[in-house]
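Survey of secondary and tertiary structure
These are the residues of each chain, in order.
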Amino acid sequence: MSDMEYVLETKDLGISFGGLKAASGVNLKIKKGEIYGLIGPNGAGKTTIFNLLTGVYMPTEGTFFLEGKELRGNTQEKINRAGIARTFQNIRLFNNMTVIRNVMVGLHNRPEFRCSMIESMLRLPTHFKAEKAMKEKAGEILKIFGLYDERNNLACNLPYGKQRKLEIARALATDPKLLLLDEPAAGMNPIETDDLMATVKLLREEHGVTILLIEHDLKFVSNICDEITVLNFGTVIAQGTAQDALNDPEVIKAYIGK
């Protein structure tokens, strides 16, 4: 498989903070339509990798490519426009905006919905046309997540599980080539977790979304991920199918400590 056939490829990716290596030598290859897991104990460097891939941090070693295009050194906005979107461990919604407006925020960067500041300020027909198209698209995205009936409710009034789904819906609105989910099942009860699992599978199977996720729920990971990489102290200790990697002695030692 050539470099161009991978949605994401990292080459010896890493970062040091004041001489301390938070991540080092991380090599990932994620194929189109794959659900890929990044797991490891607390402090293993998982969120650090997400921060490198989204431009929050600048790598001090190695680089990464999205569909063959190198993105190292780009701003967060440029990386998002190139096609990487993410959610966060702690939900970051616009709580005092409606559910549908939260998703519309994610649509603003897409060229088909853009109109100039002058057009918006003067409330020209192009502004209303773009607004109407965005509402329709946001509604379609909300239907995927079973949130359409909640579209006019404030985001803060949604139950926790639905807030998680709304954050994923907003990220999906940017039309990403790669969707990064940072602990999407955190804080969910078993019913919410099963519902989320079904939604993530749907995103891949019916909408062709490629997903890289961090998750501590190993049952969730083993049920949903095609392949996983296991980090410990910022370095890769295992890679492969979920079953093979989770049964690796080094992985069991990292999680259990013996």
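Source: prediction; values computed, not measured.

Some thoughts on the packing of aromatic side chains
By convention here, two paired aromatic rings are described through the distance between centres and the angle between planes. One pass over the structure, following the stated rule, counts one aromatic pair. Here Phe17 and Tyr57 contribute two aromatic rings whose centre-to-centre distance is 5.2 Å and whose plane-to-plane angle is 75 degrees, an arrangement assigned as edge-to-face. Taken together, the residues span a long stretch of sequence, with Phe17 in strand β1 (residues 6-17) and Tyr57 in the loop between α1 (46-53) and β5 (61-66) at a distance of 40 residues. In this structure, Lys143 packs its charged tip against the face of Tyr148, placed 4.8 Å from the ring centre. Between the NZ or CZ atom of Arg151 and the centre of the ring of Tyr148, over which it lies, the distance is 4.0 Å.

Comments concerning the packing of helix α3 (residues 99-107) against helix α6 (residues 160-172)
At a minimum axis distance of 7 Å, the contact between α3 and α6 shows a crossing angle of 35 degrees. The two elements α3 and α6 meet at a crossing, and its hand is right-handed. Side by side, α3 and α6 meet where Val99, Asn102, Val103 and Gly106 of the first sit next to Leu166, Ala169 and Arg170 of the second. Here the residues of the contact of α3 with α6 are counted per class, giving four nonpolar, two polar and one charged.

About the thresholds
- Every chain's residues receive numbers from 1 upward, in the order its sequence appears when written.
- Per-residue local features of the predicted model are confined to residues with pLDDT of at least 70, and side-chain atom pairs are confined, for both listing and counting, to 80 or more; whole-chain, interface and lining totals are unaffected and use all residues.
- Processing note: side-chain calculations cover all non-hydrogen atoms of the structure and skip hydrogens and water entirely.
- Stacked, edge-to-face and tilted labels apply to pairs of Phe, Tyr and Trp rings (six-membered ring for Trp) whose centres lie within 6.5 Å, assigned for plane angles under 30 degrees, over 60, and everything in between, in that order.
- Working definition: helices are DSSP H or I runs of at least four residues, strands are E runs of at least two. Numbering for both runs from the N terminus.
- A ring has a charge above it when a Lys NZ or an Arg CZ is no more than 6 Å from the ring centre and no more than 35 degrees off the ring normal.
- Whenever a helix is involved, its axis is fitted only over the stretch in contact; in every case the axis is a line through C-alpha atoms, and angles between N-to-C directions fall within 0 to 180 degrees.
- Here a crossing is called left-handed whenever its near helix is offset anticlockwise from the far helix by less than a right angle, and right-handed whenever the offset is clockwise.
- By the convention used here, residues are in contact when the closest approach between their heavy atoms is within 4.5 Å.
- Side-chain classes are defined by residue name, with Ala, Val, Leu, Ile, Met, Phe, Trp, Tyr, Cys and Pro counting as nonpolar, Asp, Glu, Lys and Arg as charged, and the others, Gly among them, as polar.

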